[in-house]
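# Commentary on secondary and tertiary structure
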Amino acid sequence: HVPFIVKQEFESYLYHEHMKKIDKTITTLSALIVHKKANDLVPELSQHLETIKENKEELYEETKEDFSEWLNSVDAIIYDFSESEAQEALNAYFYGKAPLKQPKNRNDIPDSFIYQSVKALHCKYGESLHFVVNDGNLRSACEADGMTVYESLGDFIAIDEAKACLKNALIE
């Protein structure tokens, strides 16, 4: 189960990390070309540089498609958030309710939406829902609501229930 907001959060993370790497590559190639450190390779490097610049978004789209294919391969169900979840998330933002520590901290808006989505999933699935979350405030708020949470995917995979599911999936 993947709340829509978590999917969006991860896709935006992929996008920004991907763009940082591409920009670093562009900067490095540009520096090599400008300083003519590799005289024989300058025309080829220039061509590669232009190709990378022209295809930045396409390169990212391939990464995004890989993530979508992975979601499909694990039969992930994407959950949109409801109007009431959105209202609760905004109330948490304005009043500093869990998982937020203070009101009107814009950096925490996604966490507020994630929390509301996970709360709704917890109500629907109860104890069978396990939530992997690295963010300390969000994890604490979920624990306080009685959810089963893990700090990392490695922690989750280490539990017997996850091992059994993975073993059965690999056997099939």
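We now turn to the structure provided with this report. (Residues numbered from 1 in each chain as written. Predicted model: local features only at pLDDT ≥ 70, side-chain atom pairs only at ≥ 80, totals over all residues. Heavy atoms only, no water.)

### So, the packing of aromatic side chains
Test applied: Ring pairs are drawn from Phe, Tyr and Trp, using the six-membered ring of Trp, whenever the two centres fall within 6.5 Å, and their geometry is named by plane angle: stacked under 30 degrees, edge-to-face over 60, tilted for the rest. Only runs of H or I of at least four residues qualify as helices and only runs of E of at least two qualify as strands under DSSP, and these elements are numbered from the N terminus.
In this structure the tally under the stated criterion is eight aromatic pairs. With 6.3 Å between their ring centres and 15 degrees between their planes, Phe67 and Trp70 make a pair best called stacked. With Phe67 and Trp70 both in helix H3 (residues 56-73) and three residues apart, the pair spans about one turn of that helix. An aromatic cluster is present here, built from Phe10, Tyr13, Phe67 and Trp70 joined pairwise through their rings.

### Digging into the state of the cysteines
The condition is simple: Note on disulfides: each one is a pair of cysteine sulfur atoms within 2.5 Å.
According to the stated counting rule, one finds zero disulfides in the structure shown. This cysteine, Cys123, is not joined by any disulfide, and Cys142 carries the nearest cysteine sulfur, 12 Å off.

### As for the pattern of salt bridges
We count it as follows: By convention in these notes, a salt bridge is any Lys or Arg side-chain nitrogen within 4 Å of a carboxyl oxygen on Asp or Glu. Burial status follows relative accessibility: with a 1.4 Å probe on protein chains alone, a residue under 20% of its type maximum counts as buried, one over 50% as exposed, and anything between as partly exposed.
Enumeration according to the criterion identifies four salt bridges in this entry. Notably, a salt bridge pairs Asp23 with Lys56, separated by 2.7 Å at the nearest N-O pair. With Asp23 in helix H1 (residues 4-35) and Lys56 in helix H3, this pair connects stretches of sequence that are 33 residues apart. By relative accessible area, Lys56 is classed as partly exposed at 22%.

### Some words on unusual backbone geometry
Looking along the chain, the bond that leaves Ala98 and enters Pro99 is cis, with omega of 10 degrees. Along the chain, the position of Pro99 falls in the loop between helix H4 (83-95) and helix H5 (109-125). Residue Asp75 is not a glycine yet carries a positive backbone phi of 55 degrees. As for its position among the elements, Asp75 is in the loop between H3 and strand E2 (78-79). For Asp75, a relative accessible area of 63% corresponds to the exposed category. For Lys104, which is not glycine, the phi dihedral falls at a positive 60 degrees. Within the element layout of this structure, Lys104 appears in the loop between H4 and H5.

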